[in-house]
Structure formats: structure tokens, C-alpha cells
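# Structural description and commentary
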Amino acid sequence: MAPKPHRVLLDRVSGYADEAAAYMRRRRASRRPFARLYFAEGRAEDHAADTEAGGELFVAAGRLIEVAGKRPKA
Amino acid sequence: MADGETSEAVSGAAAEAALAYLTEMSPDLRGAAILDGAGAVLAASGEPGRWREDAAALFAVADRAGGGPVEQVHIGTQQGEVFALRHAGLAALAVTERFALASLTFFDLRSLLRDLATDKPLRTFDVSGDVKSPKRRGADDGA
């Protein structure tokens, strides 16, 4: 038996809303600042911005970004 | 340097050429610098003095935060991304737009430093020949 038309519409809208929510979650996650250190032996560390070490790393990175400036337009 | 290797003296001209090639190849790159084992700037896309100071500061902070010498640093901020790498007694730093491909950027930086250290600049990036020509393929096969 075919589903009622309003059910089809609701399912579609729910699907789009789920997709949009997932997109926004991914976008938020990828936009979060991060600082990662990798060591020769294969170890890696993540430093959050609200820690002392993380804060210092972000300050140092900010200076480098300032030195590099904007990419000249072609 | 983190890896403990020492590189032969790298000429500034070779480093400049490598940096120019990297800049040309990487659409996301805003600026970059190559430093020797002592922290002196061999090539930079801006003020060498500031690159030297800020690179030294970044590595010092990273070493302190990690409790030992770091090999790679990757920091992503709202303003851009910073990549730093020590390899073969040299160091390279790159600042890119946001969402640059990290593995590709580190691969390029590592190849660049390895080629510079072995005194074969741009070996990895050499695409001067037509790689698709039958003649070149035959040469690669040893035919």
C-alpha cells in the first residue's frame, strides 16, 4: 500500500533537515581552531586553545600568519 | 633539530628556487620560509628577520608544550593555517589559507627539505620533461 502523501512530504523534509544538521555539525567541527604537535616517534598531541601551552601556540601561529600576510591576487 | 641529522650547507639560491617552486605549486600558500639548523633563514617570502624570530618562537613553544623536540606542528586558526616541519637538519614553515590539505602540505615541505639536504633541489618536483611521452616512459623503464 502506498504511503499517504503527507507522510512522503514529512519524510522528505525530515531528511533534508537531518542533512542540514549534519552539515552544520561538520562545519562547526572543522572550523574549531586546533594545535597539533607530531613527534618523530609517531606520537601526536592536541592542545586546546584554553590551555596555557595551546594559548602560546596560537599566539606564535598568529604572528606567523601576520608575517605571511595575504596571498597576492593573481 | 629534532631528527638529529645534519645537513650539508644549503645554498640560499637553492632554497630560494625551492621556495619559489613551492609557492607556484601551492594555490593555498600565503607565505613560507626555509631555515637551516641554526635557525637562520635561507629563503623566505617576506621579511627574513621576522620569519626567523617567529619560527624560533613557534618551535620553542612547541618543544616546551610537547616536552621534547617536535617534528611537525600544525595549527589551524580562523585566520589561516600554520605548518612547520623539521627534517634533515632543516626547517620549513608554511602559512596557508584555511582548510588546506594537511597531508599534502607536509608531504611537499618534507620533499623540499629532503631534496635540499641531499643537494638535489627540486628533484621531487621536477616536471620539466613530458612525463607522458613514450620516449620518457621508455627511459624510465631503462629501455
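Right, let's talk about the pattern of salt bridges for a bit. Under the counting rule described, the total for this entry stands at 10 salt bridges over all chains. In this structure, the salt-bridge partner of Arg-50 of chain B is Glu-66 of chain A, at a minimum N-O distance of 3.5 Å. In this pair, Arg-50 of chain B sits in helix H2 (residues 48–66) while Glu-66 of chain A sits in helix H2 (residues 52–68), so the two residues belong to two different chains. Assessed through its relative accessible area of 26%, Arg-50 of chain B is described here as partly exposed.

In this section: the packing of helix H1 (residues 12–25) of chain B against helix H3 (residues 102–117) of chain B. Residue and element names in this part refer to chain B. Contact geometry for H1 and H3: axes closest at 11 Å, N-to-C directions at 160°. Between H1 and H3, the interaxial angle falls into the category roughly antiparallel. Along this stretch, H1 crosses H3, giving a crossing that reads as right-handed. Listed contacts from H3 to Ala-14, Ala-15, Ala-18, Leu-22 and Met-25 of H1 are Asp-108, Leu-109, Leu-112 and Leu-116.

With that settled, the discussion passes to the packing of aromatic side chains. Counted by the stated rule, this structure contains 2 aromatic pairs over all chains. Within the aromatic cluster, the residues linked to one another by ring pairs are Tyr-38 of chain A together with Phe-83 and Phe-106 of chain B. The ring of Phe-34 of chain A carries the charged tip of Arg-36 of chain A above its face, separated from the ring centre by 4.3 Å. The cationic tip of Arg-43 of chain A hangs over the ring face of Phe-39 of chain A; the distance from NZ or CZ to the ring centre is 3.9 Å.

Residues and elements named next belong to chain B. Look at Ala-88: it is not a glycine, yet its phi comes out positive at around 55°. Phi angles above zero are rare outside glycine, and Phe-99 is one such case at about 65°. As for its placement among the helices and strands, Phe-99 is situated in the loop between strand E5 (90–96) and H3. The exposure class assigned to Phe-99 is partly exposed, which follows from its relative accessible area of 45%.

Let's shift gears to the interface of chain A and chain B. On the chain B side, the residues contacting the 28 residues of chain A number 36 residues. Interface area for chain A against chain B, summed over the two sides, is near 2800 Å², with a carbon-plus-sulfur share of 62%. Where chain A touches chain B, the interface holds 2 salt bridges. For the salt bridge of Arg-64 of chain B with Glu-56 of chain A, the shortest nitrogen-to-oxygen distance reads 3.1 Å. Scanning the region where chain A abuts chain B turns up 5 residue pairs in polar contact (both at pLDDT 80 or more). Counting only elements with at least two residues in the side of chain A that touches chain B, the list comes to helix H1 (5–31), strand E1 (34–38) and H2 of chain A. Of all the elements, H2 of chain A adds the most residues to the side of chain A that touches chain B, at 12 residues. Taken together, the residues of the side of chain A that touches chain B sort by class into 16 nonpolar, 3 polar and 9 charged.

Ranked by internal contacts, the top residues of the largest apolar core, which has 29 residues, are Leu-57 of chain A together with Trp-51, Leu-58, Ile-75 and Leu-93 of chain B. Looking at this core, the elements with two or more residues in it are E1 and H2 of chain A together with strand E1 (29–35), H2, strand E3 (72–76), strand E4 (81–87) and E5 of chain B. Considering every element that reaches this core, the biggest residue donor is H2 of chain A, with 8 residues. Core analysis: the next-biggest nonpolar cluster, separate from the first, contains 24 residues, Val-10, Ala-15, Ala-43 and Phe-83 of chain B among them.

On to the layout of surface pockets. Residue and element names in this part refer to chain B. Taken as a whole, the largest pocket spans an internal volume of roughly 170 Å³. If you go around the largest pocket, the residues you meet are Leu-22, Met-25, Ser-26, Pro-27, Asp-28, Leu-29, Thr-96, Ala-100, Leu-101, Leu-104, Thr-105 and Asp-108. Of the residues forming the lining of the largest pocket, the biggest block, 3 residues, is contributed by H3. Each residue belonging to the lining of the largest pocket can be placed in one class, and the counts come to 7 nonpolar, 3 polar and 2 charged.

About the thresholds
Residues numbered from 1 in each chain as written. Chains lettered and ligands numbered in written order. Predicted model: local features only at pLDDT ≥ 70, side-chain atom pairs only at ≥ 80, totals over all residues. Heavy atoms only, no water. Salt bridge = Lys/Arg side-chain N within 4 Å of Asp/Glu carboxyl O. Helix = DSSP H or I, 4+ residues; strand = E, 2+ residues; numbered from the N terminus. Buried < 20%, exposed > 50% of the residue type's maximum accessible area, 1.4 Å probe, protein only. Axes fitted to C-alpha atoms, helices over the stretch in contact; angles between N-to-C directions. Parallel < 35°, antiparallel > 145°, perpendicular 65-115°, else oblique. Left-handed = near helix turned anticlockwise from the far one by under 90°. Contact = heavy atoms within 4.5 Å. Phe/Tyr/Trp six-rings, centres within 6.5 Å; stacked < 30°, edge-to-face > 60°. Lys NZ or Arg CZ within 6 Å of the ring centre and 35° of its normal. Buried area = accessible area lost by both parts, 1.4 Å probe. Polar contact = N/O pair within 3.5 Å; in protein donor to acceptor, adjacent residues only side chain to side chain. Nonpolar A, V, L, I, M, F, W, Y, C, P; charged D, E, K, R; others polar. Core = buried A, V, L, I, M, F, W, Y, C linked by side-chain atoms within 4.5 Å. 1 Å grid on protein atoms, 1.4 Å probe; cavity = no way out; pocket = protein on both sides within 12 Å on 5 of 7 lines; lining within 4 Å. Points joined across faces, edges and corners; volume = space filled by probe spheres on them.

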